[in-house]
Amino acid sequence: MSSPDDWNASIIAEFRANQGRVGGPFEGAPMVLVHHRGRKTGRDRVSPMMYLPDEQDPDKMYIFASKAGAPTNPDWYYNLVTAGEAEIERGTEQYPVTVDEVAGPERDRIFAEQGRRYPGFAEYAEKTAGIRTIPVLVLRRR
C-alpha cells in the first residue's frame with residue numbers, strides 16, 4: 001500500500017500536468033494546491049485539496065479540514081491557522097493568500113453547501129459527529 005505522501009505526490013503531478021485538473025475521485029471537482037510550512041518541522045509542504053469557490057468573490061475560496069472523517073484535524077490545518085497565510089496553485093496560477101477560520105452559522109452554511117455538492121463531505125461530518133467539528137478555512141488572495 002502506498003503512503004499518503006505518495007498519493008498526494010501523484011495528485012500534485014497530475015494537477016500540474018493538466019492545468020489544475022485531476023481525475024479519479026476528484027474528476028470535475030475544483031482543486032487547489034496549498035503551499036504551507038510545517039509549524040514544528042519548518043519543512044515546506046504542498047497539500048492538494050478540494051475547495052468551494054465563493055459565489056460573490058473570485059479571490060476567495062473555502063477549504064475543509066475533513067481528513068476523510070478522521071477523529072483528528074489534518075496537520076495542514078494547524079500549519080495554516082498558525083501562519084495565517086499561505087500560497088496556492090489554482091489552475092496555472094500561483095499566488096499568496098491569507099488564511100482565516102470561519103465559525104458559527106457562516107461555517108455551518110458553507111460546510112452544508114460543500115456537503116450538498118459533494119456528498120462525501122456530509123459523510124465525513126457524520127463520522128466526526130460528537131468528536132470534532134470539521135474546520136472551514138477561507139483563503140483570500142493577497
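These lines cover the structure that appears in this document, whether it is placed above or below.

Criteria and cut-off values
- Residues numbered from 1 in each chain as written.
- Predicted model: local features only at pLDDT ≥ 70, side-chain atom pairs only at ≥ 80, totals over all residues.
- Heavy atoms only, no water.
- Helix = DSSP H or I, 4+ residues; strand = E, 2+ residues; numbered from the N terminus.
- Rg over C-alpha atoms; globule rule 2.2 N^0.38 Å.
- Buried < 20%, exposed > 50% of the residue type's maximum accessible area, 1.4 Å probe, protein only.
- Areas by Shrake-Rupley, 256 points an atom, 1.4 Å probe, with all protein chains shown as cover.
- Lys, Arg positive; Asp, Glu negative; His and termini not counted.
- Charge placed at Lys NZ, Arg CZ, Asp CG, Glu CD.
- Expected span 1.5 Å × (residues − 1).
- Arc of directions from axis to C-beta.
- Contact = heavy atoms within 4.5 Å.

1. Some remarks on the overall build of the chain
Here's step 1: A tally of regular secondary structure across the chain gives four helices and seven strands.
Here's step 2: Its helices and strands in sequence order give the chain the pattern α-β-β-β-β-α-β-β-α-α-β, from N to C terminus.
Here's step 3: For the chain, the C-alpha radius of gyration of 14 Å lies close to 14 Å, the compact-globule estimate for 142 residues.
Here's step 4: Dimensions of the chain, computed from C-alpha atoms along their principal axes, come out at roughly 40 × 35 × 35 Å.
Here's step 5: Scored against the burial criterion, the 142 residues of the chain give a buried share of 42%.
Here's step 6: Surface accessibility of the chain: about 8,000 Å² in total, with carbon and sulfur atoms responsible for 49%.
Here's step 7: Placing the 19 positive and 21 negative side-chain charges of the chain at their respective mean positions leaves the two points 3 Å apart.

2. Details of helix H3 (residues 104-117)
Here's step 1: The terminal C-alpha atoms of H3, which comprises 14 residues, lie 20 Å apart, in line with the 20 Å expected from a rise of 1.5 Å per residue.
Here's step 2: Taken as a whole, H3 has its buried residues at Arg107, Ile110, Phe111, Gln114 and Gly115. All buried residues of H3 project into a common sector of 140° when viewed along the axis, lining one side. Residues of H3 that are exposed and point more than 90 degrees away from the buried face comprise Pro105 and Arg116.
Here's step 3: Against the buried residues of H3 lie strand E2 (44-50), strand E3 (52-53), strand E4 (60-64), strand E6 (93-102), helix H4 (119-128) and strand E7 (136-141).

3. A closer look at unusual backbone geometry
Leave glycine aside and you will find that most residues have negative phi; peptide bonds, for their part, are mostly trans.
Here's step 1: Residue Gln19 is not a glycine yet carries a positive backbone phi of 50°.
Here's step 2: Of note, Gln19 is situated in the loop between helix H1 (4-17) and strand E1 (31-37).
Here's step 3: Note on Gln19: relative accessible area 43%, which makes it partly exposed.
Here's step 4: A positive phi is found at Ala68, a non-glycine position, where the angle reads about 55°.
Here's step 5: Take Ala68: it is sitting in the loop between E4 and helix H2 (75-83).
Here's step 6: For Ala68, a relative accessible area of 42% puts it in the partly exposed group.

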